[in-house]
Amino acid sequence: MSRSVGIYEPFVDAVALEGQQAEIAKNISASSFPAQLIAECFHIDPSRLSGERVIDTASGASDFVWWLNENGVSAYGVDIGYDDVGSFLERVGLFHDGHILTAPDEFKGVPKSRFTEDFDANPSRYVAGSIVELPEDDGSIDRVTNHSCLTAVNGPMPDFTIASVFEALRVLNRGGIFNIGPLLLDRRKFPSETVVECFEREEAIYSAIDLSHEVGIKTKVAKTNFCGLWNLTVTRTK
Ligand SMILES: C[S@@+](CC[C@H](N)C(=O)[O-])C[C@H]1O[C@@H](n2cnc3c(N)ncnc32)[C@H](O)[C@@H]1O
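Procedures and definitions
Residues numbered from 1 in each chain as written. Predicted model: local features only at pLDDT ≥ 70, side-chain atom pairs only at ≥ 80, totals over all residues. Helix = DSSP H or I, 4+ residues; strand = E, 2+ residues; numbered from the N terminus. Expected span 1.5 Å × (residues − 1). Buried ≥ 20, exposed ≤ 12 C-beta atoms within 10 Å, placed from the backbone. Near = placed C-beta within 6 Å. Nonpolar A, V, L, I, M, F, W, Y, C, P; charged D, E, K, R; others polar. Core = buried A, V, L, I, M, F, W, Y, C linked by C-beta atoms within 7 Å. Contact = placed C-beta atoms within 7 Å. Pairing = 2+ DSSP bridges. Axes fitted to C-alpha atoms, helices over the stretch in contact; angles between N-to-C directions.

### Some remarks on helix α6 (residues 158-171)
With 14 residues, α6 ought to run about 20 Å at 1.5 Å a step, and its terminal C-alpha atoms sit 20 Å apart, in line with that. Within α6, 14 of the 14 residues are buried, leaving the element largely enclosed by the surrounding structure.

### Let's talk about the site of the ligand
Surrounding the ligand, one finds 24 residues, the nearest of these being S32, A58, G60, S62 and H147. Going through the elements one at a time, α1 (14-27) and β2 (74-79) are the ones with two or more residues in the shell around the ligand. Tallying contributions element by element places α1 first for the shell around the ligand, with 3 residues. The class makeup of the residues in the shell around the ligand is 12 nonpolar, 11 polar and 1 charged.

### A look at the nonpolar core
Core analysis: the largest hydrophobic core is formed by 53 residues, its most contacted members being I38, V165 and F178. With 8 residues, α6 is the single largest residue contributor to this core. Apart from residues lying up to four places away in sequence, F178 is in contact with V144, A168, L169, L172 and V234.

### Re the sheet that holds strand β1 (residues 53-57)
Pairing within the open sheet is mixed, and its 7 strands lie in the order β5-β2-β1-β6-β7-β9-β8. Strands at the two margins of the open sheet, each flanked by one partner only, are β5 (126-128) and β8 (217-223). For this sheet, the mean inter-axis angle between neighbouring strands, taken without regard to orientation, is 20°. Bridge count between strand β7 (residues 172-183) and strand β9 (residues 230-236): 5 bridges; the pairing is antiparallel. From the neighbouring strand, F178 faces β9, where its bridge partner is V234.

If you want it as structure tokens, here you go:
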């Protein structure tokens, strides 16, 4: 595998990174969203996806990876929880009529989640690992997605966030897209402590993007249909 080593080393403290990874792994909710909601959050049109190579990072117990493959994409998920999926599913905790949901009342109409059956039927689609070290060559992937991990509330985590953004940009090819969401942006909707933590995470994402200018970055922020939240599309142009 060809991999440019240590692309983020000058900006990330290795010890802090390890601590923040452990912290986020311990505290972040394993609850997961339905594929349709994630696709909508990122404004992904399934009819335009065919043939893409996609990594869904921190993909959790969502059936987004299954959905991508159903829509002609060669996609796999990377999550630290996949090394022990049994206890990981116990942490998810929220099953509702076979759905794995964060907020059951909001998504009662969505189809039954395909995560567990796809995990069993296609184990190679679910890779145990960290966002900060993706098992791919430089410039080999068309799209990286990250839903509800980089922007999830769990303290600022600047080293983890910066390392994750750099790693996604490393594996993307020219024209490749990194979808991140959901973002808050609208401060009025959320209690103030949540907002401060989320904004710190979002600022770290923007710092990483600023530091990555040599790979040519274009960004676009768009509103989603979910709770008035937003998404961020980062395109690598060189
Ligand atoms: C709130 S869940 C989101 C799951 C899915 N993306 C979704 O939106 O439904 C957050 C996920 O991040 C994963 N995670 C936390 N730290 C990680 C890391 N360093 N590398 C990979 N995954 C990580 C957790 O195991 C968990 O599955």
